[in-house]
2 protein chains.
Amino acid sequence: MRLSMVGLSSVDTALTWIDTAIRRLGEEDAPLREAMGRVLAEDIRAEWPIPTQDSAVLDGFAVSAHETLGASAYNPLSLPLIEVAAGAALPAGTNAVVPLEHGEPDEAGRVVVVEALAPGDNVDRQSTVAAAGALLISAGTLLGPRHIGICAATGLTQLPVVRRPRVRVMVARTTRSSTVDSNGPMLCGLVERDRGIVSQYIAVDRRRSALAEALATGGSDIVLLVGGTGPGHDDQAAPALAAAGELAIHGVALRPAETVGLGRNASGVPVVLLPGSPAACLWSYELFAGRAIRRLGGRNPELPHRSFMMTTTRKIVSLIGMTEICPVRCRLAGTAEPIASFAEIGLMAAVNADGFVIVPETSEGYPSGASVNVYRYDDR
Amino acid sequence: MRLSMVGLSSVDTALTWIDTAIRRLGEEDAPLREAMGRVLAEDIRAEWPIPTQDSAVLDGFAVSAHETLGASAYNPLSLPLIEVAAGAALPAGTNAVVPLEHGEPDEAGRVVVVEALAPGDNVDRQSTVAAAGALLISAGTLLGPRHIGICAATGLTQLPVVRRPRVRVMVARTTRSSTVDSNGPMLCGLVERDRGIVSQYIAVDRRRSALAEALATGGSDIVLLVGGTGPGHDDQAAPALAAAGELAIHGVALRPAETVGLGRNASGVPVVLLPGSPAACLWSYELFAGRAIRRLGGRNPELPHRSFMMTTTRKIVSLIGMTEICPVRCRLAGTAEPIASFAEIGLMAAVNADGFVIVPETSEGYPSGASVNVYRYDDR
């Protein structure tokens, strides 16, 4: 099969295909300790009021505030000694807490108070944090430590979360035994970053029939097939996907990832065909496979990198009609310096870069001094 | 023991103690697949040139560029047919590659070429990416997928990385059996976020002798003891640490985490005493324990949250002499709206917030419309 680079799909067309084809996975219960970093699948509401009862904010002496009226250093008042620890429920008839260091137990077994309190002083009032039934955390929230804390505080031991996408990574075995598989470990790292689970990671014979058979195998939520996407005799990934189901898109106007493919197998499982060249593999993952995995997992589908407006220190040149990823260095605050491209030094361009600029299809680049949106790597 | 809140240390004093007392841990070798997210402990240099030899960028026909001089659609030239696959070494005597779709094998077993090539066209030249011995990744880099990719490409199977800090989390057992331990799961999540390993997570009797004994136990790089830090009779964390080694700081001018403590046990292992109230526990972790763990692991010790300049929509009030954490919502682009405080609704303030402002000791807050630095939660 020959791939005509004239008929390339636009990046937008490919993204739209992904957004249309791929839906969020279902949910499962995760123990609280394993719920961090997961996406909440349902709203969490307070089963009881929080706090469930009025309780002491700090260690001290529970009092009825009106009995402290008029108390001062010149008019110490002696009250019943009712010690309470921080967090403990207020005994009936009390509504304020004198801090431990402000009350002095006397010999008569009472406590001497030298300042007046208002009702509620040093008290956590029932329902202050949330009434029974109130929304605590919305569905779709990416759960962080503070969410885990509030769930633990309300007595929850497990949470309904979106299932993690199971990702089958298949590498079309090269005929050259000397070629190192640099893509496998990188892809596994990317899938992990996007909170997918690499459920299988295998090399497959690169003949069409073997690839088609492997693509048809079940047990995962998405399949990534690396290599064999080009126009060579030996490149059978696209025809294999066409045979195993549907080849929706093959060839995208993205540099450096022109030979990426998208489709699904006969069971409807989405398949992304990634070029074997490491830089192209990286970018076809970042823009397409990663987006699909993030969507499956209920996460924000956009690139996970932080982006900032920065000023170019030199011209960025890009071909009209191709979306191009341009690596930049950001050594001076607020500036982006274009560096050797993926075409020139492959994956090393990403290693040398502090971030990248995505030059859209319709642009031939930016002059020096232009304001551009830079996606930053976060390696600090 | 009574804790005088008059003699509180400043937040800066506590941070300086941590930065002085805590050094990066040693290194260990990690398999490539497990190295992502770790901190590189030594520079990685290229053992061989990259590429090791001139090789084809794409599938096609290897040629000697000077033999293609003058080739055009009107002057097709017939050259020896030497097919090469993408990534394969160029055969001796060739220095350019005609793309597969631009060359036409003829019946004489030769290839017909219709355009002239320059030496190096479609060739990855030896050493273009890196000369032998060149620096690939600097020590201290937080390893991301692209670093794993380049290491795999150079044939590395393991990397020297900083050891992950082993964190012992101990909770001073409360006398009130009804109190749920909301801090444990949250702390484990925080330690995990900062790439520490919770090596042990136990409840300890809150008597001084029991705590002192537990603090003296080895087997971790840092100990977090939660609860019992206040001024109550029942609060024995600080005297226990003084007995088990050194109580360097007890009481910090930070709201909401005034009773935090810092020190080390007799073996020199750093110990952080965290208040048991969930909001205070969170903030004493974020500012102090987390910083210590990030330093041990060779990471950036600063808060891991992204920060942005934003405009307050209402006044933020804070007490002079106390550093205060103020939760904010960021519903309108670029604005920070102060919301119910940690003092008012505890940990729920963090759950309701999109981020927080740290008001320094010397400030009594900010008027409405002020420009403030907001640390954002990253829950998208």
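How each quantity is defined
Residue indices follow the written sequence of each chain, beginning from 1 at its first position. As they are written, the chains are lettered A onward and the ligands numbered 1 onward, keeping that order. The predicted origin of the model limits local features to residues at a pLDDT of at least 70 and limits the giving and counting of side-chain atom pairs to 80 or more, whereas totals for whole chains, interfaces and linings rest on all residues. Here a strand is any run of E in DSSP of at least two residues, a helix any run of H or I of at least four, and the numbering for each starts at the N terminus. Atoms considered for the radius of gyration are the C-alpha atoms alone. The globule rule reads 2.2 Å times the number of residues to the power 0.38. Working definition of burial: number of other C-beta atoms within 10 Å of the residue's own, with buried at 20 or more, exposed at 12 or fewer, and partly exposed in between, all C-beta atoms being placed from the backbone. In this description, any two residues whose backbone-derived C-beta atoms lie within 7 Å of each other are considered to be in contact. Under this grouping Gly is polar, as are all residues other than the nonpolar Ala, Val, Leu, Ile, Met, Phe, Trp, Tyr, Cys and Pro and the charged Asp, Glu, Lys and Arg. To get an axis, a line is fitted to the C-alpha atoms, and for a helix only the part in contact is used. The angle between two axes follows their N-to-C directions and goes from 0 to 180 degrees. Convention used here: angles under 35 degrees read as roughly parallel, angles over 145 as roughly antiparallel, angles from 65 to 115 as roughly perpendicular, and any remaining angle as oblique. Left-handed describes a crossing whose near helix is turned anticlockwise from the far helix by less than a right angle; the clockwise case is right-handed. For each domain, the first and last residues come from an automatic or database assignment. Only residues with pLDDT of at least 70 in both copies count here: their C-alpha atoms drive the least-squares fit that superposes the copies. Pairing between two strands is assigned when DSSP locates at least 2 bridges connecting them. Each direction from the helix axis to a C-beta atom contributes to the arc, which is the arc of those directions. A score from 0 to 100, pLDDT tells how confident the predictor is in each residue. The bend at a residue is defined as the angle formed between two axes, one fitted to the seven residues ending at that residue and one fitted to the seven starting there.

What to know about the overall build of chain A
Right, on to step 1. In terms of helices and strands, chain A carries 8 helices and 26 strands.
Right, on to step 2. At 31 Å, chain A has a C-alpha radius of gyration far larger than the 21 Å of a compact globule built from 380 residues.
Right, on to step 3. Each principal axis of the C-alpha atoms in chain A carries an extent, and together these give about 100 × 50 × 35 Å.
Right, on to step 4. Counting only residues that meet the buried cut, chain A has 50% of its 380 residues in that class.
Right, on to step 5. Pairs at least 24 residues apart make up 75% of the contacts formed inside chain A by residues separated by at least 6 positions.

A word on the interface of chain A and chain B
Right, on to step 1. Contact residues are listed per partner, giving 61 residues for chain A and 61 residues for chain B.
Right, on to step 2. Breaking the side of chain A that touches chain B down by element, the ones donating at least two residues are β11 (135-137), α2 (145-153), α3 (183-193), α6 (278-296), α7 (342-345) and α8 (348-352) of chain A.
Right, on to step 3. Considering every element that reaches the side of chain A that touches chain B, the biggest residue donor is α2 of chain A, with 8 residues.
Right, on to step 4. Of the residues assigned to the side of chain A that touches chain B, the class counts are 31 nonpolar, 16 polar and 14 charged.

Quick notes on the packing of α3 of chain A against helix α2 (residues 145-153) of chain B
Any two packed helices are characterised by the angle at which their axes cross and by the distance between the axes.
Right, on to step 1. Viewed as axis vectors pointing N to C, α3 of chain A and α2 of chain B meet at an angle of 165°, and their least axial separation amounts to 8 Å. Classified by the angle their axes make, α3 of chain A and α2 of chain B are roughly antiparallel. In the packing of α3 of chain A onto α2 of chain B, the handedness of the crossing is right-handed. In this structure, α3 of chain A contributes Pro185, Met186, Gly189, Leu190 and Arg193 of chain A to the contact, and α2 of chain B contributes Pro145, Arg146, Ile148, Gly149 and Ala152 of chain B.
Right, on to step 2. A breakdown of the residues in the contact of α3 of chain A with α2 of chain B according to their chemical character gives 6 nonpolar, 2 polar and 2 charged.

Description of the environment of Ile320 of chain A
Right, on to step 1. Position of Ile320 of chain A relative to the elements: it lies in the loop between β21 (316-317) and β22 (323-329).
Right, on to step 2. What makes Ile320 of chain A exposed here is the crowd of 11 C-beta atoms within 10 Å.

Let's talk about the domain arrangement of chain A
Right, on to step 1. When its domains are assigned, chain A resolves into domain 1 (5-24 + 164-296), domain 2 (28-50 + 128-162), domain 3 (55-124) and domain 4 (306-376).
Right, on to step 2. Here domain 3 of chain A and domain 4 of chain A have C-alpha centroids that lie 65 Å from each other.

Quick look at the relation of the copies chain A and chain B
The operation linking the two copies of the chain is a rotation about an axis combined with a translation along the axis.
Right, on to step 1. Expressed as a screw operation, the relation of chain A to chain B combines 0.0 Å of axial shift with a rotation of 180°, fitting to an RMSD of 0.0 Å. These values place the two chain copies in the arrangement generated by a two-fold rotation axis. Closest approach to the rotation axis within chain A is made by the C-alpha atom of Arg306 of chain A, at a distance of 4.5 Å.
Right, on to step 2. Of the interface residues in chain A, 100% have counterparts in chain B that sit at the interface too, so the contact is made through matching surfaces.

Notes on the sheet that holds strand β15 (residues 222-226) of chain B
Residue and element names in this part refer to chain B.
Right, on to step 1. With respect to topology, 6 strands assemble into an open sheet ordered β14-β13-β15-β19-β18-β16, the strand pairing being mixed. The strands lining the two open edges of the sheet, one partner per strand, are β14 (197-204) and β16 (245-250). Taking the axes of each pair of neighbouring strands and ignoring which way they run, one obtains an average angle of 20° across the sheet.
Right, on to step 2. Across 7 bridges, strand β13 (residues 166-172) lies against β14 in parallel orientation.

Notes on helix α1 (residues 11-21) of chain A
All names here are of chain A.
Right, on to step 1. All of the buried residues in α1 are Val11, Ala14 and Ile18. Viewed along the axis of α1, the buried residues span an arc of 70°, placing them on a single side of the element. Exposed side chains of α1 directed beyond 90 degrees from the buried face belong to Thr16 and Thr20.

Focus: the sheet that holds strand β6 (residues 83-84) of chain B
All names here are of chain B.
Right, on to step 1. Strand order in the open sheet made by the 3 strands is β6-β4-β7, with antiparallel pairing throughout. Across the chains shown, the open sheet's two edge strands, defined by having one partner strand only, are β6 and β7 (96-99).
Right, on to step 2. Taken together, the 2 bridges between strand β4 (residues 60-63) and β6 define a ladder with antiparallel strand orientation. Directly across from Phe61, in β6, lies its bridge partner Glu83.

A few points about the pairing of strand β4 (residues 60-63) of chain A
Right, on to step 1. Inspection of the sheet shows β4 of chain A paired to strand β7 (residues 96-99) of chain A by 4 bridges, in the antiparallel sense. Each residue of the ladder has a partner; that of Val63 of chain A, found in β7 of chain A, is Ala96 of chain A.

Topic: the confidence of the model for chain A
All names here are of chain A.
Right, on to step 1. Across chain A, the average pLDDT comes to 92, with 96% of residues at 70 or higher.
Right, on to step 2. At the low end of the mean pLDDT range in chain A sits strand β10 (residues 123-124), at 86; at the high end sits strand β19 (residues 270-274), at 98.
Right, on to step 3. Interface confidence in the predicted complex, given as ipTM, is 0.86; pTM for the same model is 0.87.

Focus: α6 of chain A
Right, on to step 1. By the largest-angle criterion, Tyr285 of chain A marks the main kink of α6 of chain A, which is about 50°.
Right, on to step 2. Counting buried residues along α6 of chain A, 19 of its 19 residues qualify, which places the element largely inside the surrounding structure.

As for the packing of helix α1 (residues 11-21) of chain B against helix α6 (residues 278-296) of chain B
Residues and elements named next belong to chain B.
Right, on to step 1. One can describe the packing of α1 onto α6 by two numbers: an axis separation of 10 Å at closest approach and a directional angle of 25°. With respect to their mutual orientation, α1 and α6 come out roughly parallel. Relative to α6, α1 is oriented so that their crossing is right-handed. Side by side, α1 and α6 meet where Val11, Ala14, Leu15 and Ile18 of the first sit next to Leu287, Phe288, Arg291, Ala292 and Arg295 of the second.
Right, on to step 2. Each residue belonging to the contact of α1 with α6 can be placed in one class, and the counts come to 7 nonpolar, no polar and 2 charged.

Topic: the environment of Pro119 of chain B
Residues and elements named next belong to chain B.
Right, on to step 1. Considering the arrangement of structural elements, one finds Pro119 in the loop between β9 (110-113) and β10 (123-124).
Right, on to step 2. Of the residues examined, Pro119 has 12 C-beta atoms within 10 Å and is grouped as exposed.
Right, on to step 3. Contacts of Pro119, omitting those with residues within four sequence positions, involve Ala65, Asn95 and Ala96.

Re unusual backbone geometry
For residues other than glycine, phi is negative in most cases, and the peptide bonds are mostly trans.
Residues and elements named next belong to chain A.
Right, on to step 1. The peptide bond linking Arg255 to Pro256 adopts the cis configuration, its omega dihedral lying at 5°.
Right, on to step 2. Note on placement: Pro256 falls in the loop between β17 (254-255) and β18 (261-265).
Right, on to step 3. Although it is not a glycine, Arg195 sits at a positive phi angle of roughly 65°.

Considerations on the pairing of β15 of chain B
Residue and element names in this part refer to chain B.
Right, on to step 1. Most of β15 sits out of view: 5 of its 5 residues are buried.
Right, on to step 2. Residues of β15 alternate between two faces, with Ile222, Leu224 and Val226 on one and Val223 and Leu225 on the opposite face, all of them buried.
Right, on to step 3. Note that β13 and β15 share 5 bridges and pair parallel. The residue bridging Val171 from the neighbouring strand is Val226, located in β15.
Right, on to step 4. Judged from the 4 bridges that link them, β15 and strand β19 (residues 270-274) form a sheet pairing that is parallel. The residue of β19 that forms the bridge with Leu225 is Leu273.

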